[in-house]
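Okay, here's what each chain looks like letter by letter:
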Amino acid sequence: MKFTLSRLRPYGSPGLIRRIVAVYVGLGILWILSSNYLPRFFYEDSTQQARLEIVFDILLVILSSFALAWFVGRFFRALNAQQDEFYRMIRDVGSARGSDFFATLVRSLSEIAGADYAFVARFSDESERRVRTVAAFGHGQLLENFEFELEGTPCGIAVKQGRELVVDQLRQFFPMDHLAEQLDVDSYVGIALTDCSGKVHGVMAVTGKGPLQKQRLAEAMLELFAVRAAAALEGMLSREAVDYLSLYDSLTGLPNRRMFAEQLAPILVQARKHSEIRAVLFLDLDRFKNINDSLGHAIGDLLLKAVATRLTRSLRHGDLIARLGGDEFMILLQGLTNKQDAAKIAVKVLDSLRPPFKIQGHDLHVASSIGIAISPEDGDDVDTLLKNADTAMNRAKEMGRNNYQFFAVEMSDVSITRLGLENDLRKALERQELVLYYQPQYFMDSERINGVEALLRWNHPKRGMIPPGDFIPMAEETGLIVPIGSWVLRTACEQCMAWQHAGLAPIRVAVNLSARQFHQQDLPDVVAGILQETGIDPECLELEITESILMQNMETTVDQLVRLMSLGVKISIDDFGTGYSSLNYLKRFPLHALKIDRSFVKDIGEDSDDTSIVSAVIALAHTLSLEVVAEGVETEAQRQFLRDQNCDRYQGFLMSRPVPAERIREMLVERSAADCEVAANV
Ligand SMILES: Nc1nc2c(ncn2[C@@H]2O[C@@H]3COP(=O)(O)O[C@H]4[C@@H](O)[C@H](n5cnc6c(=O)[nH]c(N)nc65)O[C@@H]4COP(=O)(O)O[C@H]3[C@H]2O)c(=O)[nH]1
């Protein structure tokens, strides 16, 4: 009965050697006694007796030589046979590669040990309590892989101790070993598979009913191949990790584009055969970049994970969801009876993202734009469907975000024309097709124009007046925004001076700076040059940067702002409230004013959250000595509310849309005439 934590055990047990010596001594004594007494029994003559004794002695030598020769020959033959078998196996296993390696190893182990079963298993769960075989051999054939609990098994002990273990009467020592019971085995030799760094990756074992015929060889083989098997398991894990990374998104664990496309292709073929419809939804989070820029990538990542979870929950079993990268997700809907089913699910998906995400103390509001392409009508192959869903998603963004759009053929014309538009934009500056409109800003209490915001328009020769939202992103992507932005700055300053030269009182002009423009190293020099060339008072120039620009790379942003402020210009934060920056951060920047985004102003009186945000922003901005400008004021009620909250300035369609410079001149003239009238009447 053995249960040992063993190193390799030597050939020939002491008991066997004792038995061989005892037999030899017994036979030797019998022989000596016989050779002494038998000659006396046959002959009386002492010479004859002596001769017979010599014959006996010679016979003893001859017989024992034969016995020795037979014994030693048999011993060496057995050793050679084992050695041959051992080398054959080493060759077989040594030359096996890839997935063949484990299969060859378990087959050889089982054969050489004369064991009923041999297997190699690796951990199948993170807590390393279970293992799953990567190859198993039993009763002359490879078996299906199986999994078992390590607790209460010799494999469990081998893994825990990180070494080799030999067990006889297995089921007596391990009554809870269900695998041993199932396989009906009671002898075991196993070894932990430990790599060079000492990490255990799994276990390798042979086991059988009754004592193993060649246990010694089995032990040697296990020890010999343990390191290679551990390395192969490690390699297998790394390959799986690489495969996983090439097919899954490591952040959310969802399939990636490649995996999605691979899964989608056969589904589309099936759908074609059975004339069924499928829908692909392309989902892009609205303003995710703002969150990433203002709160950092760590929070952005947590948000993406939470979004992935909500999306998965909102879908049915059988629908596929993938993350394409960034804030883009792709969904395949199956089992639809008509197009409207896809629309209903798109609404469900939009709704699922509506409640705020609570992430590290922030309440993050996320909306998304969804493009829907239906197979087969919008394409029956993967590439076409994905492209068309993407196009529809872009349309959803253009339609004001937080909505879904079905693909329509005309949309692809739009993307083709985009290319043409890009080429046109390159020439727009030299062809003098860009124009500035100005929207007046008013003091809250006096209704006097206090300044204007310069807003860019593109007077396209064929398409007419194009709003900035339709070409500024393109200008930003292509870098054209830098020369365009400088032109806007110069033109706005020149215009401001032109009004003054026309005899009007100086007013402030606000100019938008895009992210790319703001991060140009030489921006302060460009602004300084324009101030000097146009002769405008720096106090009259207000530069508007968005909240998300402010939150990107804070140190360089502060540097750039300080350099701009030192020129004497004012700086305000545009679209405030959309970028999740904390008002606390604002203390760090040399700012002059905050502009409350028009999406909050729009909901004043209608959405209590937005109304309280507006009040809170005004109050807090004042405590930081910042002016507050409300944009997008469209109703008298909104203006009244803002006035009650002591907002400083406002602009909006209530007073005036953006208008050409000439109209502003007229408005300023009318205003000063009205002011004179009031003064005369007083
Ligand atoms: N619904 C509504 N809208 C109102 C109201 N009052 C003003 N608006 C619109 O709100 C936008 C205000 O500009 P913004 O927030 O700086 O947003 C601007 C700004 O971010 C960008 N932009 C415009 N001109 C320039 C420019 O010269 N350079 C850069 N970098 N961006 C510019 O394009 C955005 C859109 O400009 P616009 O289409 O001119 O749209 C303008 C204006 O027409 C209102 O009462 N109701």
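Note that the structure is predicted; figures quoted are calculated from it, not measured.

Some details on the environment of Cys196
Right, so step 1: Here Cys196 lies in the loop between strand E7 (187–194) and strand E8 (200–208).
Right, so step 2: When the C-alpha positions of Cys196 and Arg228 are compared, they lie 10.0 Å apart, and in sequence the two are 32 residues distant.

Observations concerning the site of the ligand
Right, so step 1: For the ligand, the set of nearby residues contains 22 residues, the closest of which are Glu453, Asp574, Arg598, Glu634 and Phe653.
Right, so step 2: Gln439 has a polar side-chain atom sitting 3.0 Å from a nitrogen atom of the ligand.
Right, so step 3: Arg598 has a polar side-chain atom sitting 2.8 Å from an oxygen atom of the ligand.
Right, so step 4: Put simply, the parts of the chain that give the shell around the ligand at least two residues each are strand E17 (449–460) and strand E21 (570–576).
Right, so step 5: Top contributing element to the shell around the ligand by residue count: E17, with four residues.

Brief notes about helix H22 (residues 608–623)
Right, so step 1: Helix length check: H22, at 16 residues, gives a terminal C-alpha distance of 23 Å against a target of 22 Å (1.5 Å per residue), a fit within 8%.
Right, so step 2: Of the residues making up H22, those classed as buried are Asp610, Thr611, Val614, Ser615, Val617, Ile618 and Ala621. Around the axis of H22, the buried residues are gathered within 160 degrees of arc, so they sit on the same side. For H22, exposure combined with an orientation more than 90 degrees from the buried face picks out Ser608 and Thr623.
Right, so step 3: Taken together, the buried residues of H22 touch E21, strand E22 (593–596), helix H21 (598–602), strand E23 (627–630) and helix H23 (636–644).
Right, so step 4: Phi turns positive, to about 60 degrees, at Ser625, one or two residues after H22.

Observations concerning the pattern of salt bridges
Right, so step 1: Under the criterion given, the structure shown has 32 salt bridges.
Right, so step 2: With a shortest N-O distance of 2.8 Å, Glu544 and Lys595 are connected by a salt bridge. Pair noted here: Glu544 is in strand E20 (residues 541–546) and Lys595 is in strand E22, with a separation of 51 residues, a long-range link.
Right, so step 3: Of the charged contacts in the structure, one is a salt bridge between Glu666 and Arg663, with a shortest N-O distance of 3.1 Å. With a gap of three residues between them, Glu666 and Arg663 both fall in helix H24 (residues 661–681), about one helical turn apart.
Right, so step 4: Overall, Arg663 belongs to the partly exposed group, its relative accessible area being 31%.
Right, so step 5: When salt bridges with common partners are traced through the structure, they connect Arg130, Arg132, Glu147 and Glu149 into a single cluster.

Some points on the sheet that holds strand E9 (residues 277–286)
Right, so step 1: Read from one edge to the other, the open sheet built from five strands follows the order E10-E11-E9-E14-E15, with strand pairing classed as mixed. Looking along the sheet, the strands with just one partner apiece sit at the ends: strand E10 (320–325) and strand E15 (404–406). Taken over all neighbouring pairs, the strand axes of this sheet differ in orientation by 20 degrees on average, direction set aside.
Right, so step 2: Pairing analysis gives five bridges linking E10 to strand E11 (residues 328–336), with the strands arranged antiparallel. Residue pairing in the sheet places Leu320 in a bridge with Leu332 of E11.

Digging into the packing of helix H8 (residues 257–273) against helix H12 (residues 382–398)
Right, so step 1: At a minimum axis distance of 9 Å, the contact between H8 and H12 shows a crossing angle of 115 degrees. For the crossing formed where H8 meets H12, the hand is right-handed. Residue-level inspection shows Arg257, Phe260, Ala261, Leu264, Ala265 and Leu268 of H8 in contact with H12, the latter providing Val382, Leu385 and Leu386.
Right, so step 2: Considering only residue class, the contact of H8 with H12 consists of eight nonpolar, no polar and one charged.

Section: the side chain of Asp286
Right, so step 1: Within the secondary structure, Asp286 sits in strand E9.
Right, so step 2: Polar contacts involving the side chain of Asp286 include one to the main-chain amide nitrogen of Ser368, which spans 3.5 Å.
Right, so step 3: Within polar-contact distance, the side chain of Asp286 engages the side chain of Ser369 at 2.7 Å.
Right, so step 4: Asp286 has contacts with Ala367, Ser368, Ser369, Lys397, Arg401 and Asn402, leaving out every residue within four places of it along the chain.

What to know about the pairing of E9
Looking down a regular strand, the side chains alternate between one sheet face and the other.
Right, so step 1: Among the ten residues that make up E9, nine are buried, leaving the element largely enclosed by the rest of the structure.
Right, so step 2: As defined by bridge partners, E9 adjoins E11 across seven bridges and the pair is classed as antiparallel. Bridge pairing in E11 links Ile277 to Leu336.
Right, so step 3: Across nine bridges, E9 lies against strand E14 (residues 367–375) in antiparallel orientation. The residue bridging Ala279 from the neighbouring strand is Ile374, located in E14.

Conventions used here
Residues numbered from 1 in each chain as written. Predicted model: local features only at pLDDT ≥ 70, side-chain atom pairs only at ≥ 80, totals over all residues. Heavy atoms only, no water. Helix = DSSP H or I, 4+ residues; strand = E, 2+ residues; numbered from the N terminus. Near = heavy atom within 4 Å. Polar contact = N/O pair within 3.5 Å; in protein donor to acceptor, adjacent residues only side chain to side chain. Expected span 1.5 Å × (residues − 1). Buried < 20%, exposed > 50% of the residue type's maximum accessible area, 1.4 Å probe, protein only. Arc of directions from axis to C-beta. Contact = heavy atoms within 4.5 Å. Salt bridge = Lys/Arg side-chain N within 4 Å of Asp/Glu carboxyl O. Pairing = 2+ DSSP bridges. Axes fitted to C-alpha atoms, helices over the stretch in contact; angles between N-to-C directions. Left-handed = near helix turned anticlockwise from the far one by under 90°. Nonpolar A, V, L, I, M, F, W, Y, C, P; charged D, E, K, R; others polar.

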